[in-house]
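Reading the structure
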Amino acid sequence: TNTSLTVECTLGAEAPEDCVAINEIMYHPFMPEASYIELFNRSTTQAFDLSGWRVNGLDYVFPAGAVIQPRQTLVLAGDRFGFGQAYGWAVGVFDTYAGNLENGGETLSLLRPGPAAGEELLVDRVTYSGALPWPAGADGAGSALQVIDPSQDNSRLANWFSDYQPAHT
């Protein structure tokens, strides 16, 4: 006898606002032209089409066909060659941006196209600074600001660290 089974999934698609975040910021690198930001998709199952998304503060718009896969990172660098010289060529740079990361700090916003023409929806926003209480070492000492726990709110200062270790004299 044949038996049929119908499965109805009631789970909705994950929202990009809950999954895609700015995960790392190298705003004042030790080596010239080595600045970058890294995005992270914390979803375990869903890729996101970034076509038309914009990073306010970097003068960057993602091209058509740009996708971030589940549990993957995506690096945007100020200069591809400078990035490779500073961090090695094994880390892939998705693209380069025309703007500059401000050494003293700024607000970076990741925006996606909204349902209406010209409308943008906020996916993520981080305001960083080169001054305390932000972690020391990220301001010209060769260390990036990095998210401690990607499952937590990255707008909280306490969720960022810098792996800078000052030389002991």
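Cut-offs applied
Residues numbered from 1 in each chain as written. Predicted model: local features only at pLDDT ≥ 70, side-chain atom pairs only at ≥ 80, totals over all residues. Heavy atoms only, no water. Helix = DSSP H or I, 4+ residues; strand = E, 2+ residues; numbered from the N terminus. Contact = heavy atoms within 4.5 Å. Areas by Shrake-Rupley, 256 points an atom, 1.4 Å probe, with all protein chains shown as cover. Buried < 20%, exposed > 50% of the residue type's maximum accessible area, 1.4 Å probe, protein only. Polar contact = N/O pair within 3.5 Å; in protein donor to acceptor, adjacent residues only side chain to side chain. Core = buried A, V, L, I, M, F, W, Y, C linked by side-chain atoms within 4.5 Å. Phe/Tyr/Trp six-rings, centres within 6.5 Å; stacked < 30°, edge-to-face > 60°.

For the chain, the helix and strand inventory stands at one helix and twelve strands. Of the regular secondary structure in the chain, the N- to C-terminal order runs β-β-β-β-β-β-β-α-β-β-β-β-β. For the chain, the proportion of contacts with a sequence separation of at least 24, taken over those separated by at least 6, is 55%. In the structure as shown, the chain presents an accessible area of about 9500 Å², 50% of it carried by carbon and sulfur atoms.

What follows deals with the environment of Trp89. Tracing the backbone through its elements, the reader meets Trp89 in the loop between α1 (80–87) and β8 (95–96). Other than its neighbours up to four places away in sequence, Trp89 contacts Arg80, Phe81 and Gly84.

Moving on, we get to α1. Think of an α-helix as 3.6 residues a turn; residues three or four steps apart then line up on the same face. Listed as buried for α1 are Gly82, Phe83 and Gly84. Buried positions along α1 lie against β2 (36–41) and β7 (73–77). A side-chain oxygen of the first residue of α1 lies 3.1 Å from the backbone nitrogen of Phe81; this N-cap is Asp79. Of the residues flanking the end of α1, it is Gly88, one or two places downstream, whose phi is positive at about 95°.

Here we come to the nonpolar core. Ile25, Ile37, Phe62 and Leu101 are the most contacted members of the largest nonpolar core, which has 30 residues in total. For this core, the secondary-structure elements that each account for two or more residues are β1 (20–26), β2, β7, β9 (105–113), β10 (120–129) and β11 (145–147). Judged by nonpolar contacts, the second largest core, of seven residues, contains Met26, Tyr36, Phe83 and Ala144.

As enumerated under the stated definition, the model contains eight aromatic pairs in all. Their ring planes at 90° and their centres at 5.3 Å tell us that Tyr36 and Phe83 sit as a pair that is edge-to-face. Residue Tyr36 is found in strand β2, and its partner Phe83 is found in helix α1; the two are separated by 47 residues along the sequence. Tyr36 gets classed as buried once you look at its relative accessible area, which sits at 7%. Judged by centre distance (5.8 Å) and plane angle (45°), the ring pair of Phe81 and Trp89 falls under tilted.

By themselves, these are just geometric observations and shouldn't be taken as functional.
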